[in-house]
Amino acid sequence: MLQLRDLPTSDVLRKFAARYPEADVSAVASFLTLLRVATELSQALDGFLARHGLLQGRWWVLVLLMREETLESSPSALAQKAGVTRATMTGLLDGLERDGLVQRVFDTADRRRLTVRLLPAGQAVLDAVMPDYYRRVRTLMAGLDEDQRAALQAMLGIVQSGTGAFA
């Protein structure tokens, strides 16, 4: 993924705004900073998970299954919750099943219906990763107090509600 390491200065943004009057310099600067931080967080998470032998997609599937009371879900529900296509989810499940972390369970009455079950080996992977993950998240967010965290969540919610601007 391409990432912008060198964010533009205010002078550069003003130069662009002179050419493109639609440009709101502070909005663009905030957007680019948010995009840069999100990219860095995603890359850092990728590196952390790789040290545990995981990729983000596979980790999220395991987490989504663990969230279910029965430790089971349909592939389509997993795809919807993960925000990926059914084809992408099929690929993730193929790898997780090959590694013995999940199991596809076919409905005995209708073999077209199936659920995916988190296996003990998948739970063991999560049990090895999650404590370290939570320690790192705590360290990452340590510079913000509870009020600042709540404000950050509120602000990010406002930004998220505007993502349709790129639709």
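A brief look at the structure comes next. (Residues numbered from 1 in each chain as written. Predicted model: local features only at pLDDT ≥ 70, side-chain atom pairs only at ≥ 80, totals over all residues. Heavy atoms only, no water.)

## Let's talk about the overall build of the protein
So, step 1. Within the protein, the secondary structure is distributed over seven helices and three strands.
So, step 2. Secondary structure elements of the protein occur, N-terminal to C-terminal, as α-α-α-β-α-α-β-β-α-α.
So, step 3. The C-alpha atoms of the protein give 20 Å as radius of gyration, which overshoots the globular expectation for 167 residues (15 Å, by more than 25%).
So, step 4. C-alpha extents for the protein along the principal axes are approximately 65 × 35 × 30 Å. (Helix = DSSP H or I, 4+ residues; strand = E, 2+ residues; numbered from the N terminus. Rg over C-alpha atoms; globule rule 2.2 N^0.38 Å.)

## Some points on the nonpolar core
Considering soluble globular proteins, one finds that nonpolar side chains tend to be buried as a cluster.
So, step 1. Core analysis: the largest hydrophobic core is formed by 24 residues, its most contacted members being Trp-59, Val-61, Leu-62 and Leu-78.
So, step 2. Listed by contribution, the elements that provide at least two residues to this core are α2 (25-51), α3 (56-67), α4 (75-82), α5 (86-98), β3 (114-118) and α6 (120-141).
So, step 3. Sort the elements by how many residues they give to this core and α3 lands first, with six residues.
So, step 4. The contacts of Val-61, once residues within four sequence positions are left out, are Leu-78, Met-89, Leu-92, Leu-93 and Leu-96. (Core = buried A, V, L, I, M, F, W, Y, C linked by side-chain atoms within 4.5 Å. Buried < 20%, exposed > 50% of the residue type's maximum accessible area, 1.4 Å probe, protein only. Contact = heavy atoms within 4.5 Å.)

## Some thoughts on a nonpolar patch on the surface
So, step 1. On the surface, Val-12, Phe-16 and Tyr-20 cluster together to form a nonpolar patch covering roughly 290 Å² of accessible area.
So, step 2. Relative to the helices and strands, Val-12 is located in helix α1 (residues 10-19). (Patch = residues over 30% accessible without salt bridge, like charges linked within 9 Å, V, L, I, M, F, W, Y side chains within 5 Å. Areas by Shrake-Rupley, 256 points an atom, 1.4 Å probe, with all protein chains shown as cover. Salt bridge = Lys/Arg side-chain N within 4 Å of Asp/Glu carboxyl O.)

## Some words on the packing of aromatic side chains
So, step 1. Scanning the entire structure with this criterion turns up four aromatic pairs.
So, step 2. An aromatic cluster is built from Trp-59, Trp-60, Tyr-133 and Tyr-134, whose rings are joined through pairwise contacts. (Phe/Tyr/Trp six-rings, centres within 6.5 Å; stacked < 30°, edge-to-face > 60°.)

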